[in-house]
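Residue-level structure breakdown
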Amino acid sequence: MNWFWFALASAVFISIETILEKKVLKKEHAMQFSAVLSIAIFIISLIFLPYLNFDRLSVSLLLLMYFNSWIAAASFLLVSKAIRHMEVSLVSPFLSFGPIFILIFSLLFLKEHATNLQVFGIFFVIIGTYVLQGKEHDFLAPIKNIIKSRYIHYIFIALILNGLSSIVDRYFLKSNLADPVSYLFLLSTFLAINYCILISVFHKGFKEINKGFQINGFMILIIAVLVILSRLALYQGVSLASAFLVEPVKRTSVLFVVLLGGAIFHERFLFKKFIASLIMLIGVYLITI
C-alpha cells in the first residue's frame with residue numbers, strides 16, 4: 001500500500017479523534033482524560049502481543065524510547081489542556097506550526113539543510129496565523145493574543161516537545177530498529193505508566209482513573225481505537241517514505257477539524273479559520289517537500 005494512503009488515513013482518524021476529545025474534555029480535566037485514554041490504549045494494544053519483535057532493541061534503546069515517552073506524554077497533556085479551554089477550530093490550525101519545529105530539529109540533530117522553499121513555507125505558516133488571530137485595524141492583534149493566552153503557550157511548548165519526539169520516532173522507524181506495531185506497543189505501555197505516575201502525584205490516582213472510565217468510558221474506548229489506528233497509519237507511512245512527505249498529508253486533518261468540529265460545537269468565524277488553515281497547510285507543504 002502506498003505511503004500516501006497511510007498518511008491520509010492517519011489524517012482522517014486524527015480529525016475524528018480530536019472532535020471526540022473535545023466532547024469528552026467538556027466533562028473531564030486534561031490529566032484525567034490523558035490517564036484514562038493511555039490505559040485504554042494499552043489494554044487494546046495487548047491484541048498485538050503475538051506480532052511483537054524486539055530483537056534489535058537494546059537496554060540503551062529502550063531507555064531512549066522511555067525518555068521519548070515522557071516527552072510525548074507532556075506534549076499530549078498540554079494539547080489536551082488547550083483543546084479543553086479553547087475552540088477546537090482554533091487549536092487545530094495552530095498545530096500546523098509543528099513541521100517548523102520538526103524542520104528546526106532536523107537541521108540541528110540530523111544535519112539536514114533548509115531550502116528556500118522551506119523558508120518560504122515558514123512565512124506562509126506565519127501569515128496563516130495572522131489571518132487566524134487577526135482583527136480589523138489591529139495589525140498587532142495576533143502577537144498580543146499569543147502573548148496573553150497561556151493555552152497558546154501550551155500549544156507551542158507541546159509542538160517543541162512533539163518536534164523532539166518526532167525525531168526519535170524517525171530514528172527508530174527509519175533505522176528499522178522497531179517495526180510500527182512493536183514501536184506502538186512499547187510507546188503505549190510507557191505512556192500508560194507515565195500517566196499513572198502523574199495522576200497519582202498530582203491528583204487522586206486510581207480513584208480519578210476509575211471516575212474517568214465511569215463518566216466517559218465508552219467514548220474513550222472509541223478514541224483509543226482511533227489513536228491506535230492513526231499512530232499505526234502514521235508509523236507505517238513514515239516507515240515507507242520520508243516524514244517530510246507524510247507530514248503535509250497528515251496535516252489535512254486541520255481542515256476537517258476546523259469545518260466539521262467547528263460546525264458541531266457552533267464555533268465562530270469558521271470561514272476565516274478555514275482560509276487561515278489553508279494558507280498554513282500551503283506553508284506546511286512547502287516546508288516538507
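Everything in this summary refers to the structure shown in the same document. (Residues numbered from 1 in each chain as written. Predicted model: local features only at pLDDT ≥ 70, side-chain atom pairs only at ≥ 80, totals over all residues. Heavy atoms only, no water.)

Structural notes on the overall build of the chain
Per the secondary structure count, the chain includes 13 helices and zero strands. Overall, the chain shows an N-to-C arrangement of helices and strands of α-α-α-α-α-α-α-α-α-α-α-α-α. Across the 289 residues that make up the chain, the buried fraction comes to 55%. Counted over contacts in the chain with a minimum sequence separation of 6, partners at least 24 positions apart contribute 86%. (Helix = DSSP H or I, 4+ residues; strand = E, 2+ residues; numbered from the N terminus. Buried < 20%, exposed > 50% of the residue type's maximum accessible area, 1.4 Å probe, protein only. Contact = heavy atoms within 4.5 Å.)

Looking at the side chain of Asn-216
Among the structural elements, Asn-216 can be located in helix H10 (residues 206-240). Leave out the neighbours within four places in its chain, and Asn-216 touches Val-24, Lys-27 and Glu-28.

Observations regarding the environment of His-85
Within the fold, His-85 resides in helix H3 (residues 59-85). Relative accessible area serves as the criterion here: at 46%, His-85 is assigned to the partly exposed category. Between the alpha carbons of His-85 and Lys-22 there is a distance of 9.3 Å; along the sequence they are 63 residues apart.

Thoughts on the packing of helix H1 (residues 3-24) against H10
Running from N to C, H1 and H10 point in directions that differ by 155°, and their axes come no closer than 8 Å. The angle between H1 and H10 places the two elements in the roughly antiparallel class. Pair H1 / H10 crosses with left-handed handedness. Within the contact of H1 with H10, the residues separate by chemical class into 18 nonpolar, five polar and three charged. (Axes fitted to C-alpha atoms, helices over the stretch in contact; angles between N-to-C directions. Parallel < 35°, antiparallel > 145°, perpendicular 65-115°, else oblique. Left-handed = near helix turned anticlockwise from the far one by under 90°. Nonpolar A, V, L, I, M, F, W, Y, C, P; charged D, E, K, R; others polar.)

Side note on the nonpolar core
Generally speaking, a soluble globular protein has its nonpolar side chains buried in company with each other. Core analysis: the biggest nonpolar cluster contains 75 residues, and Leu-37, Phe-97 and Tyr-183 have the highest contact counts within it. Setting aside residues up to four positions removed in sequence, Leu-37 forms contacts with Phe-76, Ile-220, Ile-223, Ala-224 and Val-227. (Core = buried A, V, L, I, M, F, W, Y, C linked by side-chain atoms within 4.5 Å.)

Description of the side chain of Glu-28
Summarising the element assignment, Glu-28 is placed in the loop between H1 and helix H2 (30-45). One buried charged residue, Glu-28, remains without a salt bridge, the closest side chain of opposite sign being Arg-84 at 8.1 Å. With near-sequence residues (within four places) excluded, Glu-28 lies in contact with Phe-33, Arg-84, Gly-212, Ile-215, Asn-216 and Ile-220. (Lys, Arg positive; Asp, Glu negative; His and termini not counted. Salt bridge = Lys/Arg side-chain N within 4 Å of Asp/Glu carboxyl O.)

What about the packing of aromatic side chains?
One pass over the structure, following the stated rule, counts eight aromatic pairs. Between Phe-33 and Phe-76 the ring centres are 6.3 Å apart and the planes differ by 20°, which places this aromatic pair in the stacked class. Here Phe-33, found in helix H2, pairs with Phe-76, found in helix H3; they are 43 residues apart in sequence, far enough to count as distant. A single burial state applies to Phe-33 and to Phe-76, both of which are buried. Between Tyr-171 and Phe-172 the ring centres are 5.6 Å apart and the planes differ by 75°, which places this aromatic pair in the edge-to-face class. Using a relative accessible area of 41% as the deciding quantity, one classes Tyr-171 as partly exposed. Grouped by ring-pair contacts, the aromatic residues Tyr-171, Phe-172, Tyr-183 and Tyr-235 constitute a single cluster. (Phe/Tyr/Trp six-rings, centres within 6.5 Å; stacked < 30°, edge-to-face > 60°.)

Considering a nonpolar patch on the surface
Side chains of Leu-117, Val-119, Phe-120, Phe-123, Ile-126 and Ile-127 sit close together on the surface and give an oily, nonpolar patch of about 540 Å² of accessible area. Residue position: Phe-123 is located in helix H6 (residues 116-133). (Patch = residues over 30% accessible without salt bridge, like charges linked within 9 Å, V, L, I, M, F, W, Y side chains within 5 Å. Areas by Shrake-Rupley, 256 points an atom, 1.4 Å probe, with all protein chains shown as cover.)

A look at the environment of Phe-185
With respect to the helices and strands, the residue Phe-185 is situated in helix H9 (residues 180-202). Using a relative accessible area of 9% as the deciding quantity, one classes Phe-185 as buried. Taking the C-alpha atoms as reference points, Phe-185 and Ser-45, separated by 140 residues in sequence, lie 6.0 Å from one another. Look past the residues within four positions of Phe-185 in its chain and what remains in contact with it is Phe-42, Ser-45, Leu-46, Leu-49, Leu-52 and Phe-54.

So, to be careful, I would describe these as geometric facts and stop short of saying anything about function.
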